[in-house]
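These are the residues of each chain, in order.
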Amino acid sequence: QVRLAESGGGLVQPGESLRLSCEASGSIFSIMGWYRQAPGKQRELVATFTNGGGTNYADSVKGRFTISRDSAKNTVYLQMNSLKPEDTAVYYCKVRSVVERDYWGQGTQVTVSS
């Protein structure tokens, strides 16, 4: 069974940092990444990391967020620096297995407020 364990969300003030972690198990994964959904908004891609080391970022987070991956541990991280109120959302880990099935985490809340 594929399992995803997300952690790292919380409440911070603008300008502060958080690091999200997602540990996946039960398969081999070709893509691991993060999406987010703010209240009243559609879910959007934040960042992804492929087996080949390729990354993709939303324009709104470029230069502030960094995605990394530890393939041996099947864990993907999202380092979020210089957080802004508009980053407030539920952040979801998403992974794709080598047989091209997608799995979603339960989500972790990130709130940026003064």
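Everything here concerns the structure above.
Residues numbered from 1 in each chain as written. Predicted model: local features only at pLDDT ≥ 70, side-chain atom pairs only at ≥ 80, totals over all residues. Heavy atoms only, no water.

Attention now moves to the overall build of the protein chain. The number of helices and strands found in the protein chain is zero helices and 11 strands. Order of helices (α) and strands (β) in the protein chain, N terminus to C terminus: β-β-β-β-β-β-β-β-β-β-β. Its C-alpha atoms give the protein chain a radius of gyration of 13 Å, within 12% of the compact-globule value 13 Å for 114 residues. Each of the three principal axes of the protein chain carries a C-alpha extent, and together these read 45 × 25 × 25 Å. Long-range pairs, those at least 24 residues apart, make up 53% of the contacts in the protein chain with a sequence separation of at least 6. Surface accessibility of the protein chain: about 6200 Å² in total, with carbon and sulfur atoms responsible for 44%. Taking the 13 positively charged and 10 negatively charged side chains of the protein chain as two groups, their mean positions are separated by 3 Å. (Helix = DSSP H or I, 4+ residues; strand = E, 2+ residues; numbered from the N terminus. Rg over C-alpha atoms; globule rule 2.2 N^0.38 Å. Contact = heavy atoms within 4.5 Å. Areas by Shrake-Rupley, 256 points an atom, 1.4 Å probe, with all protein chains shown as cover. Lys, Arg positive; Asp, Glu negative; His and termini not counted. Charge placed at Lys NZ, Arg CZ, Asp CG, Glu CD.)

Another point: the packing of aromatic side chains. Counted under the stated rule, the structure contains two aromatic pairs. Between Y92 and W104, the aromatic rings sit 6.5 Å apart at their centres with planes inclined by 80°, giving edge-to-face as the arrangement. You can see Y92 sitting in strand β9 (residues 89–97) and its partner W104 sitting in strand β10 (residues 102–104), a full 12 residues away along the chain. For Y92, a relative accessible area of 13% gives the class buried. (Phe/Tyr/Trp six-rings, centres within 6.5 Å; stacked < 30°, edge-to-face > 60°. Buried < 20%, exposed > 50% of the residue type's maximum accessible area, 1.4 Å probe, protein only.)

Another aspect to go through is the nonpolar core. Residues W34, V46, F65, I67, L78, M80 and Y91 are the most contacted members of the largest nonpolar core, which totals 26 residues. When contributions to this core are tallied by element, the ones reaching two or more residues are β3 (18–25), β4 (29–37), β5 (44–50), β7 (65–70), β8 (75–80), β9 and β11 (108–112). When near neighbours in sequence (up to four residues on either side) are disregarded, Y91 contacts E6, L20, W34, Y35, R36, V46, F65, L78, M80, G107, T108 and V110. (Core = buried A, V, L, I, M, F, W, Y, C linked by side-chain atoms within 4.5 Å.)

Here we come to the pattern of salt bridges. Throughout the structure, instances matching the rule amount to six salt bridges. One salt bridge connects D87 with R36, and the closest N-O pair in it is separated by 3.0 Å. Taken together, the residues span a long stretch of sequence, with D87 in the loop between β8 and β9 and R36 in strand β4 at a distance of 51 residues. We note that D87, like R36, is buried. (Salt bridge = Lys/Arg side-chain N within 4 Å of Asp/Glu carboxyl O.)

None of this, on its own, says anything about what the molecule does.
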